[in-house]
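Residues per chain are reported as follows:
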Amino acid sequence: QTFFKGTDSVKRPEKRHVSGSGSTRIRAAIESGQIDQAVNLLGHEYTITGVIGRGAGRGASIGIPTANLDNVPELLPPPGVYCGSCELEGQRWPTAVNIGGNPTFAEQQHKVECHVIGFDGNLYGSELTLALCRRLRDVISFESADALVRQIRDTGEMRGLDNLGSRLTDFAHDIDAPTSAYAGF
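Residues numbered from 1 in each chain as written. Predicted model: local features only at pLDDT ≥ 70, side-chain atom pairs only at ≥ 80, totals over all residues. Heavy atoms only, no water.

A word on the packing of helix α1 (residues 23–31) against helix α2 (residues 35–42)
Then step 1. Relative to each other, α1 and α2 sit at 155°, their axes nearing to 7 Å. Judged by the angle between their axes, α1 and α2 are roughly antiparallel. Both α1 and α2 take part in a crossing whose hand is left-handed. Along the contact surface, α1 presents Arg25, Ile26, Ala29 and Ile30, while α2 presents Ile35, Gln37, Ala38, Leu41 and Leu42.
Then step 2. Of the residues assigned to the contact of α1 with α2, the class counts are seven nonpolar, one polar and one charged. (Axes fitted to C-alpha atoms, helices over the stretch in contact; angles between N-to-C directions. Helix = DSSP H or I, 4+ residues; strand = E, 2+ residues; numbered from the N terminus. Parallel < 35°, antiparallel > 145°, perpendicular 65-115°, else oblique. Left-handed = near helix turned anticlockwise from the far one by under 90°. Contact = heavy atoms within 4.5 Å. Nonpolar A, V, L, I, M, F, W, Y, C, P; charged D, E, K, R; others polar.)

Structural data, given as structure tokens:
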């Protein structure tokens, strides 16, 4: 069974045999934002899929382009910032995912927005599957767009994730990201 739709290059690991790992426990873990627990119960990352739609375009204008996933049919975890990955052009990419509003820009609309770290390309209209690994923190508001960009660039967390390469196979277990990671959301 393949991990991402349309490719056979990344195989899904065998489901782990965990006592009481039924769908009720998995759903409860996702609903409470405990993505790492859901990942452990599933034996692989929790995936959500949507079609990339147009957003306000602010991410690209401040140097942190984001993709907005529309029509996501899967159960979404609560608002927060999550780490994960996606596959584009046959390669896995580290991805920061914001689920919820964007308080820095006074947007309360609930949405799924991701920044594919290191990827430069047009995704509009494409179907994209995000593999969520774990919740990093709550959505927070910055005093300005400049403060948001400074936080992302000054901490270096995204730059450090650019070089993950093949380690993404076990992303949730290999990365010990601090809760301030992906601070741009």
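We are not done yet, so read on.
A few points about the sheet that holds strand β6 (residues 127–137)
Then step 1. The six strands lie next to each other as β1-β2-β5-β4-β3-β6, forming a closed barrel whose pairing is antiparallel. Adjacent strand axes in the sheet meet at a mean angle of 45°, parallel and antiparallel pairs treated alike.
Then step 2. Sheet analysis places strand β4 (residues 91–102) next to strand β5 (residues 107–116), joined by seven bridges and oriented antiparallel. Its bridge partner being in β5, threonine 95 is matched across the sheet by valine 116.
Then step 3. Lying on the sheet, α2 is in contact with β1 (46–53), β3 (80–88) and β6; it crosses β6 at an angle near 120°. (Pairing = 2+ DSSP bridges.)

Concerning the packing of aromatic side chains
Then step 1. Counting across every chain of the model gives one aromatic pair.
Then step 2. When the ring of tryptophan 93 is compared with that of phenylalanine 119, the centres are 5.4 Å apart and the planes differ by 80°; the resulting orientation is edge-to-face. Remark: phenylalanine 119 occurs in the loop between β5 and β6 and tryptophan 93 occurs in strand β4; sequence separation between them is 26 residues.
Then step 3. Judged by relative accessible area, phenylalanine 119 falls into the buried class, the value being 13%.
Then step 4. Positioned above the aromatic ring of tyrosine 124, the side-chain terminus of arginine 54 is 3.6 Å from the ring centre. (Phe/Tyr/Trp six-rings, centres within 6.5 Å; stacked < 30°, edge-to-face > 60°. Buried < 20%, exposed > 50% of the residue type's maximum accessible area, 1.4 Å probe, protein only. Lys NZ or Arg CZ within 6 Å of the ring centre and 35° of its normal.)

Some words on the environment of isoleucine 52
Then step 1. Note that isoleucine 52 resides in strand β1.
Then step 2. Each C-alpha atom, one on isoleucine 52 and one on leucine 128, is 6.9 Å from the other, the two residues being 76 residues apart in sequence.
Then step 3. Other than its neighbours up to four places away in sequence, isoleucine 52 contacts Ala67, Asn68, Leu69, Leu123, Tyr124, Gly125, Ser126 and Leu128.

Some remarks on the pairing of β4
Then step 1. In terms of residue burial, β4 counts as a mostly covered element, since eleven of its twelve residues are buried.
Then step 2. Bridge analysis of β3 against β4 gives nine bridges, and the strand direction is antiparallel. Of the residues in β4, the one forming a bridge with glutamate 87 is arginine 92.
Then step 3. Counted between consecutive antiparallel strands, the loop separating β3 from β4 contains two residues, among which glutamate 89 sits at a positive phi close to 50°.
Then step 4. Remark: four residues form the turn of the hairpin made by β4 and β5, two consecutive strands paired antiparallel; alanine 106 in that turn has positive phi of roughly 55°.

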